[in-house]
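Chain by chain, the residues:
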Amino acid sequence: MYNTLTRRREKFEPLAPPHVGMYVCGPTVYGDAHIGHAKSYVSFDVIVRYLRYLGYRVTYVQNITDVGHLTDDADQGEDKVERKAKAERVHPMQIAETYTRSYFEDMDRLNVARPGVSPRASGHIIEQIELVKRLLETGHAYEVGGSVYFDVASWPKYGRLSGRSVNEMQAGARVEVSAEKRHPADFAVWKRAEPGHIMQWPSPWGQGYPGWHLECSAMSMKYLGESFDIHGGGIENQFPHHEDEIAQAEAATGKPFVKYWLHNNMVTVNGQKMGKSLGNFITLQDAFKKWDPMVLRLFILQSHYRSPLDFSDEALNAAKEGYDHLARAAESLRKQVVTADEKIAETFDGPVRHRIDAIAAQFEEAMQDDFNTAAALGSLQDLRREANRLLGESNVPLGCFHLLAGLFRDLGFKVLGLKDLHFGTAHYLYTSEGLGMTDAVTTTLSASAQVREVPKERIALIDLREQARKAKNFALADDIRKRLDEIGIVLEDTPTGTVWRFK
Ligand SMILES: [Zn+2]
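Let us look at the structure shown here. The structure displayed is predicted, hence computed values, not measured ones.

**Describing the packing of helix α9 (residues 293-301) against helix α10 (residues 313-336)**
Thinking step 1. It is the contact of α9 with α10, at a shortest axis distance of 8 Å, that shows an interaxial angle of 105°. Regarding the angle of α9 to α10, the classification is roughly perpendicular. Residues M294, V295, L296, L298 and F299 of α9 touch α10, and the partners they reach there are A315, L316, A319, K320, Y323 and L326.
Thinking step 2. Across the contact of α9 with α10, the residue classes break down as 10 nonpolar, no polar and one charged.

**Quick look at the coordination of the zinc ion**
Thinking step 1. Every protein donor of the zinc ion is listed here as C25 (SG), C216 (SG) and H241 (NE2), and their distances to the metal cover 2.0 to 2.2 Å.
Thinking step 2. In the primary sequence, the donor residues of the zinc ion line up as C-x190-C-x24-H. Placement of the pair is C216 in helix α6 (residues 212-224) and H241 in helix α7 (residues 238-253), with a sequence separation of 25 residues.

**Topic: the sheet that holds strand β13 (residues 309-311)**
Thinking step 1. One open sheet accounts for three strands, arranged β12-β11-β13; its pairing is mixed. Edge positions in the sheet fall to β12 (272-273) and β13, since each has one partner strand and no second.

**As for the packing of aromatic side chains**
Given two aromatic rings, their pairing is described by the distance between the two centres and the angle made by the two planes.
Thinking step 1. Per the stated rule, a full pass over the model turns up 14 aromatic pairs.
Thinking step 2. Consider the rings of F12 and Y56, whose centres lie 5.5 Å apart with planes at 75°: the pair is edge-to-face. Placement of the pair is F12 in the loop between β2 (8-9) and β3 (19-24) and Y56 in the loop between α1 (35-53) and β4 (57-62), with a sequence separation of 44 residues.
Thinking step 3. We classify F12 as buried; its relative accessible area is 14%.
Thinking step 4. Within the aromatic cluster, the residues linked to one another by ring pairs are Y50, Y53, Y305 and F371.
Thinking step 5. Directly above the aromatic system of Y142 lies the positively charged group of R182, at a separation of 3.9 Å from the ring centroid.
Thinking step 6. Sitting over the ring of Y2, R306 keeps its end group 4.2 Å from the ring centre.

**Details of the environment of Q467**
Thinking step 1. Locating Q467 in the fold gives a position in helix α15 (residues 456-470).
Thinking step 2. Put simply, Q467 and A477 are 10 residues apart on the chain and 8.3 Å apart in space, counted from C-alpha to C-alpha.

**Here we look at the sheet that holds strand β7 (residues 187-192)**
Thinking step 1. Strands sit in the order β5-β6-β7-β8 across an open sheet of four strands; the sheet is antiparallel. Of all strands in the sheet, those bounded by a partner on one side alone are β5 (141-144) and β8 (208-210). For this sheet, the mean angle separating the axes of adjacent strands, direction not counted, is 20°.
Thinking step 2. For β5 and strand β6 (residues 147-150), the ladder comprises four bridges, and the chain directions are antiparallel. Within β6, the residue paired with A141 across the bridge is F150.
Thinking step 3. Sheet strands in contact with α7 are β6 and β7, and its direction is about 85° off that of β7.

Here is what the cut-offs are and how they apply
Residues numbered from 1 in each chain as written. Predicted model: local features only at pLDDT ≥ 70, side-chain atom pairs only at ≥ 80, totals over all residues. Heavy atoms only, no water. Axes fitted to C-alpha atoms, helices over the stretch in contact; angles between N-to-C directions. Helix = DSSP H or I, 4+ residues; strand = E, 2+ residues; numbered from the N terminus. Parallel < 35°, antiparallel > 145°, perpendicular 65-115°, else oblique. Contact = heavy atoms within 4.5 Å. Nonpolar A, V, L, I, M, F, W, Y, C, P; charged D, E, K, R; others polar. Donors = N, O, S within 2.8 Å, 3.2 Å for Na, K, Ca; no water. Pairing = 2+ DSSP bridges. Phe/Tyr/Trp six-rings, centres within 6.5 Å; stacked < 30°, edge-to-face > 60°. Buried < 20%, exposed > 50% of the residue type's maximum accessible area, 1.4 Å probe, protein only. Lys NZ or Arg CZ within 6 Å of the ring centre and 35° of its normal.

What follows is the structure, encoded as structure tokens:
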């Protein structure tokens with residue numbers, strides 16, 4: 001994976017395998033999620049899915065920023081959530097609640113698996129105050145009139161992630177730098193609440209609220225430990241947000257904070273930067289009126305997460321065609337097999353098997369190459385072509401279709417998260433991994449969880465009927481077929497064996 005911190009591709013070696021701790025900066029909940037959010041969280045979702053597919057136990061933490069994110073990076077301006085609340089004349093927590101819910105609803109539709117922990121900044125004020133205290137104790141922060149600032153001059157490594165030097169920051173500083181700061185690059189870890197500020201808490205330095213960057217250091221370390229494996233976020237957050245996170249965490253603990261930093265690129269619309277002021281701002285709710293969420297998901301995965309993505313109707317139309325091809329092939333395969341059975345798949349061998357295995361290997365190679373989903377999707381389409389060819393042939397062993405179904409499920413559904421490529425039940429999606437959680441954690445939110453499952457005893461019945469037929473006990477075979485038909489399972493005898501499907 002490409003590590004922004006070292007500016008090169010590195011072999012992934014987690015600190016304590018098979019466990020992986022991963023933190024991704026979540027949304028500031030003051031407005032509807034847009035296609036930029038979709039690109040970011042779909043990209044990191046596939047990274048989490050792929051690591052799990054490889055057998056890692058990933059604890060995925062993604063925060064909810066509901067306090068402290070100001071309209072201006074230089075510790076000036078209004079709190080974004082509070083500003084929206086004032087405009088709508090409601091409490092800021094109501095704004096945070098509304099947009100947290102709509103964010104998760106949008107992500108559910110995109111089949112983004114929910115994080116194991118979604119900590120809110122306002123729920124971790126105590127942890128943030130503790131971190132400020134540690135920074136004051138270690139001499140990396142100073143208090144002025146009820147606000148506390150990080151002292152960048154005390155931290156020589158400041159600027160390592162973004163490649164900026166403190167001197168450059170000084171030269172480029174804006175005029176309105178607070179007179180309280182010793183150095184223009186110093187940033188607030190705790191802010192004094194001005195009169196009229198709604199969201200404020202008592203602290204050793206008086207009434208105030210945390211600086212935005214602080215929450216990610218405090219909450220990631222709380223749930224993943226003082227050193228952890230992967231930190232992700234948007235490329236626009238490299239500086240100052242991530243730079244500040246590193247400084248706060250490492251200055252307080254004296255330990256390396258994060259091993260791998262992954263940054264996702266931005267979305268443009270018809271070649272232009274997307275922005276509310278430019279009138280080309282596309283919320284997900286608007287996008288879903290026009291496009292199936294899975295088409296949007298496939299569209300995002302057609303480009304690399306570190307590349308910018310240009311959104312246009314033509315590009316989405318092409319993605320729709322690509323998705324429809326895959327979904328149709330899966331549907332045709334499903335007529336042959338309902339669940340992928342590895343044991344039946346194993347019975348299939350020969351040159352066709354080798355060709356299919358080679359395509360699957362190409363998929364994995366692409367994903368191993370810094371999560372190249374564009375190339376992986378190419379392999380999935382190759383697999384689809386192979387499936388269509390075989391579906392049109394006669395005398396293809398059932399094992400072949402079980403093999404293809406297993407690959408559609410594992411590569412297309414489990415790794416890339418494309419909903420219509422599942423076979424069998426879809427509980428995998430909402431299985432939370434990590435601290436104190438078991439595989440049994442499921443939710444009913446998944447539309448695909450409505451897929452009918454064939455209980456094992458019915459599969460046993462199908463096997464028994466097959467035996468009866470082979471033993472030429474046709475009366476018994478017919479009776480079993482009739483009973484299965486009554487419970488919604490149709491059997492079809494083909495020259496290569498019996499296939500079954502739901503009515
Ligand atoms: Zn963050």
